[in-house]
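Here is what each chain is made of, one letter per residue.
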Amino acid sequence: CGVPGHKPTGGLVPNTGHHPAAPERGGTYLCTGPIGRTVADLELILGVIAGPDGVDPACVSRFGGPSSVDLCDVTVIPIEHNGACRVRAGVRAAVRNSAQALADQGATLRDGVVIPGLARSFQLWSGMLSEAADDRYDVVLGGGEPIDMGRELLRMATGRSRHTIAGLLLTLGDKLVGALPQDLGPLVDEGKALQADVEAILGDTGVLIYPPYSRPAPRHRDAWRTALDAQYTAIFNVLELPVTVVPVGFDERGLPLAVQIVGSRGQDALTLRVGRALEAAMGRWCPAEPG
């Protein structure tokens, strides 16, 4: 969306006070993180909000790390798509250009890496989150009591529902998935294996440069047309990996382009410092042109 943001390592920032409360077993999947105009803003805010706070049982990590990172010690791994969802050319070019900009500053560029498990991002995200969930969407929307979906959809048609169409569609999908007989254990195991594979590739000094979405920002409500493409960010929630998103320019229509900088768990300082270097090379935040 044209500004930097940071998705912390799972368990780094407490979700205390968030509504609805994160499920206990999924507390490291659902993360609160900062958005700002510069990566320096993100570092400052994260230093304030990181835990533990003594309240959220899932928050056990502490924010720390080097005050500076020598890019000569960093390995940059560009991956332009996950093998399941098509990514537009401009977004793929942003990944390539960002990796090269970091290589020009001394980082080691490691091309040609394929992580097959990323092609299952949507299935793993939905399965792992569902397995950890304590409450159904309809109970959350109803404030503790399940809502009547048929009645709410009729109210939506006449403009009288208290809920958004997005909330009702998510609730409907949740009810349909919940009605299917399934064992989510294998998906959880597969997700943990993918987590291990990614961290084995990255180590403590490697970062992925990865698309944040399949295309630049869609028009309002048009995101539903490619709703499954949110898997590009969602997968790192359940893998609990830190991600810094940095804007890296604009496409031919003036829409912002960005990349995800992904590290191993606990390497928040690394992804943020790499983000600073990329920000310096590709241009800082600037307001969109009117029009």
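Keep in mind that this is a model prediction, so the values were computed, not measured.

Undergrad: How would you summarise the sheet that holds strand E5 (residues 243-250) if you had to cite specific residues and measurements?
TA: In space, the six strands of this open sheet follow the order E1-E5-E6-E4-E2-E3, with mixed pairing throughout. Each edge of the open sheet is held by one strand with a lone partner, namely strand E1 (5-7) and strand E3 (108-109). The pairing of E5 with strand E6 (residues 256-262) spans seven bridges and is classified as antiparallel. Pairing of Pro 247 across the sheet is with Ala 258, part of E6. Its contacts with the sheet put helix H7 (residues 185-202) on strand E2 (75-78), strand E4 (206-210) and E6, and the angle it makes with E4 is roughly 115°.

Undergrad: An account of the pattern of salt bridges is needed here, citing residue identities and associated values.
TA: If you walk through the whole model with that rule in mind, you get 11 salt bridges. The residue Arg 155 makes a salt bridge to Glu 152 at a minimum N-O spacing of 3.0 Å. Remark: Glu 152 and Arg 155 occur in helix H5 (residues 149-157); sequence separation between them is three residues, near one turn of the helix. One network of salt bridges, with partners in common, ties together Glu 43, Arg 273 and Arg 276.

Undergrad: Describe the packing of helix H3 (residues 121-132) against helix H8 (residues 231-238), listing the residues and the values that go with them.
TA: Remark: H3 packs on H8, axes separated minimally by 9 Å, with the N-to-C direction vectors making an angle of 45°. Considering the angle they form, H3 stands oblique to H8. Here H3 and H8 pass one another in a crossing that is left-handed. Across the interface between the two elements, Ser 121, Phe 122, Leu 124, Trp 125, Met 128 and Leu 129 from H3 touch Gln 231, Ala 234, Ile 235 and Val 238 from H8. Considered class by class, the residues forming the contact of H3 with H8 number eight nonpolar, two polar and no charged.

Undergrad: Break down the side chain of Thr 244 for me, citing the residues and quoting the values.
TA: Within the secondary structure, Thr 244 is located in strand E5. We classify Thr 244 as buried; its relative accessible area is 0%. Side chain to side chain, Thr 244 and His 6 meet in a polar contact 2.8 Å long. Setting aside residues up to four positions removed in sequence, Thr 244 forms contacts with Gly 5, His 6, Leu 42, Val 259, Gln 260, Ile 261, Thr 271 and Leu 272.

Undergrad: Lay out the environment of Phe 236 in plain terms, naming residues and giving numbers.
TA: Within the secondary structure, Phe 236 is located in helix H8. Along the backbone, Phe 236 and Tyr 29 are 207 residues apart, and their C-alpha atoms lie at a distance of 8.4 Å. Ignoring anything within four residues of it in the chain, the contact list for Phe 236 reads Lys 7, Tyr 210, Leu 241, Val 243, Gln 260 and Val 262.

Undergrad: Residues and numbers for the side chain of Asn 82, please.
TA: Position of Asn 82 among the secondary structure elements: in the loop between E2 and helix H2 (89-104). Classification of Asn 82 as buried rests on a relative accessible area of 5%.

Undergrad: Can you explain H8? Please cite residues and give values.
TA: Here H8 lies mainly inside the structure; six of its eight residues are buried. Every buried residue belonging to H8 is among Gln 231, Tyr 232, Ala 234, Ile 235, Phe 236 and Val 238, and all of these are buried. The inward-facing, buried residues of H8 abut E1, H3, H7, E4, E5 and E6. After H8 finishes, the residue Glu 240 shows a positive phi value of roughly 65°.

Undergrad: Could you give an account of the environment of Gln 260, with specific residues and numbers?
TA: Among the structural elements, Gln 260 can be located in strand E6. Assessed through its relative accessible area of 2%, Gln 260 is described here as buried. Residues Gln 260 and Asn 237, spaced 23 residues apart in sequence, show a C-alpha to C-alpha distance of 13 Å. Excluding residues within four positions of it along the chain, Gln 260 makes contact with Leu 208, Ile 209, Tyr 210, Pro 211, Pro 212, Tyr 232, Thr 233, Phe 236, Val 243, Thr 244 and Val 245. At 2.8 Å, the side chain of Gln 260 and the backbone oxygen of Pro 211 are in polar contact.

Criteria and cut-off values
- Residues numbered from 1 in each chain as written.
- Predicted model: local features only at pLDDT ≥ 70, side-chain atom pairs only at ≥ 80, totals over all residues.
- Heavy atoms only, no water.
- Pairing = 2+ DSSP bridges.
- Helix = DSSP H or I, 4+ residues; strand = E, 2+ residues; numbered from the N terminus.
- Contact = heavy atoms within 4.5 Å.
- Axes fitted to C-alpha atoms, helices over the stretch in contact; angles between N-to-C directions.
- Salt bridge = Lys/Arg side-chain N within 4 Å of Asp/Glu carboxyl O.
- Parallel < 35°, antiparallel > 145°, perpendicular 65-115°, else oblique.
- Left-handed = near helix turned anticlockwise from the far one by under 90°.
- Nonpolar A, V, L, I, M, F, W, Y, C, P; charged D, E, K, R; others polar.
- Buried < 20%, exposed > 50% of the residue type's maximum accessible area, 1.4 Å probe, protein only.
- Polar contact = N/O pair within 3.5 Å; in protein donor to acceptor, adjacent residues only side chain to side chain.

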